[in-house]
Amino acid sequence: GNNHDLQAYLDAGKTVIIDISAVWCGYCWQIHQSGILEELYDLYGPEGTDELMIFWNEAEGATISQIQGGSGSIGDWTNGGTNPVPIISSKQISPLFPELTGYPTFYMICPSGYYKNITQVIRTSVEAVYEEVGTCPEASNGPLAAINGPSGAYLGQERTYEAEVVSALP
């Protein structure tokens, strides 16, 4: 029942983490049960240092009943109403990330507009995620791209590199 404005959080200098999951997803549930998002929210969210905003998005538009552990869900994602992380149930968020290939996927969105998949980092520790937040680049005059490819080659060897746009124009 609450409205949240992503751009307002970014304009306020906050980094936003979005967890894109589904109520039926076992691995999503495992990460949820680990408490890492709640700990990040408590330490760095509005009641902590107020540097981060975190959202859990049920990507397939589950009902409130399903989010609370009803039929078709693996459990109560609200933790009996004690989960501090805002919960969104919307099919409209996932298409904003065309590289999304499955659940769960975690994105860090920086105030500069840069965003990055941090799913592997979420699996480690609160400290590692917070360190990742420190890598947010400053705003630039153009879009940022991540260049992916091999780091070395032999003379005459053909190499392929890919560029992935990871921000929008400021």
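Presented here is a report on the structure given in the accompanying data block. None of these values were measured; they are calculated from a predicted model.

## Remarks on the pairing of strand β1 (residues 15-21)
Here is step 1 of the chain: The buried fraction of β1 is high, at seven of seven residues.
Here is step 2 of the chain: The two faces of β1 match: Thr15, Ile17, Asp19 and Ser21 on one face and Val16, Ile18 and Ile20 on the other face are all buried.
Here is step 3 of the chain: The pairing of β1 with strand β2 (residues 52-58) spans seven bridges and is parallel. Each bridged residue has a counterpart across the sheet, and for Val16 the counterpart in β2 is Met53.

## Looking at the packing of aromatic side chains
Here is step 1 of the chain: Using the criterion set out here, one finds eight aromatic pairs in the structure.
Here is step 2 of the chain: Note on Phe97 and Tyr115: the rings are 5.3 Å apart at their centroids and 75° apart in plane angle, and the pair reads as edge-to-face. Pair noted here: Phe97 is in the loop between β3 (87-89) and β4 (105-109) and Tyr115 is in strand β5 (residues 115-117), with a separation of 18 residues, a long-range link.
Here is step 3 of the chain: What makes Tyr115 buried here is its relative accessible area of 17%.
Here is step 4 of the chain: Taken together, the ring pairs in this structure connect Trp29, Trp56 and Trp77 into an aromatic cluster.

## Examining the packing of helix α3 (residues 36-44) against helix α6 (residues 126-133)
Here is step 1 of the chain: Direction vectors running N to C along α3 and α6 enclose 55°, while the axes themselves pass 10 Å from each other. The angle between α3 and α6 places the two elements in the oblique class. The hand of the α3/α6 crossing is right-handed. Where α3 approaches α6, its residues Ile36, Glu39, Leu40, Leu43 and Tyr44 are matched on the opposing element by Val126, Val129 and Tyr130.
Here is step 2 of the chain: When its residues are assigned to classes, the contact of α3 with α6 shows seven nonpolar, no polar and one charged.

## Focus: empty space enclosed by the protein
Here is step 1 of the chain: All told, the structure shown has one cavity of 30 Å³ or more when counted by the stated rule.
Here is step 2 of the chain: Asp19, His32, Leu37, Glu38, Trp56, Asn83 and Val85 together form the lining of the largest cavity.
Here is step 3 of the chain: Each residue belonging to the lining of the largest cavity can be placed in one class, and the counts come to three nonpolar, two polar and two charged.

Thresholds, definitions, all that
Residues numbered from 1 in each chain as written. Predicted model: local features only at pLDDT ≥ 70, side-chain atom pairs only at ≥ 80, totals over all residues. Heavy atoms only, no water. Buried < 20%, exposed > 50% of the residue type's maximum accessible area, 1.4 Å probe, protein only. Helix = DSSP H or I, 4+ residues; strand = E, 2+ residues; numbered from the N terminus. Pairing = 2+ DSSP bridges. Phe/Tyr/Trp six-rings, centres within 6.5 Å; stacked < 30°, edge-to-face > 60°. Axes fitted to C-alpha atoms, helices over the stretch in contact; angles between N-to-C directions. Parallel < 35°, antiparallel > 145°, perpendicular 65-115°, else oblique. Left-handed = near helix turned anticlockwise from the far one by under 90°. Contact = heavy atoms within 4.5 Å. Nonpolar A, V, L, I, M, F, W, Y, C, P; charged D, E, K, R; others polar. 1 Å grid on protein atoms, 1.4 Å probe; cavity = no way out; pocket = protein on both sides within 12 Å on 5 of 7 lines; lining within 4 Å. Points joined across faces, edges and corners; volume = space filled by probe spheres on them.

The values reported here are purely geometric and, on their own, carry no functional implication.
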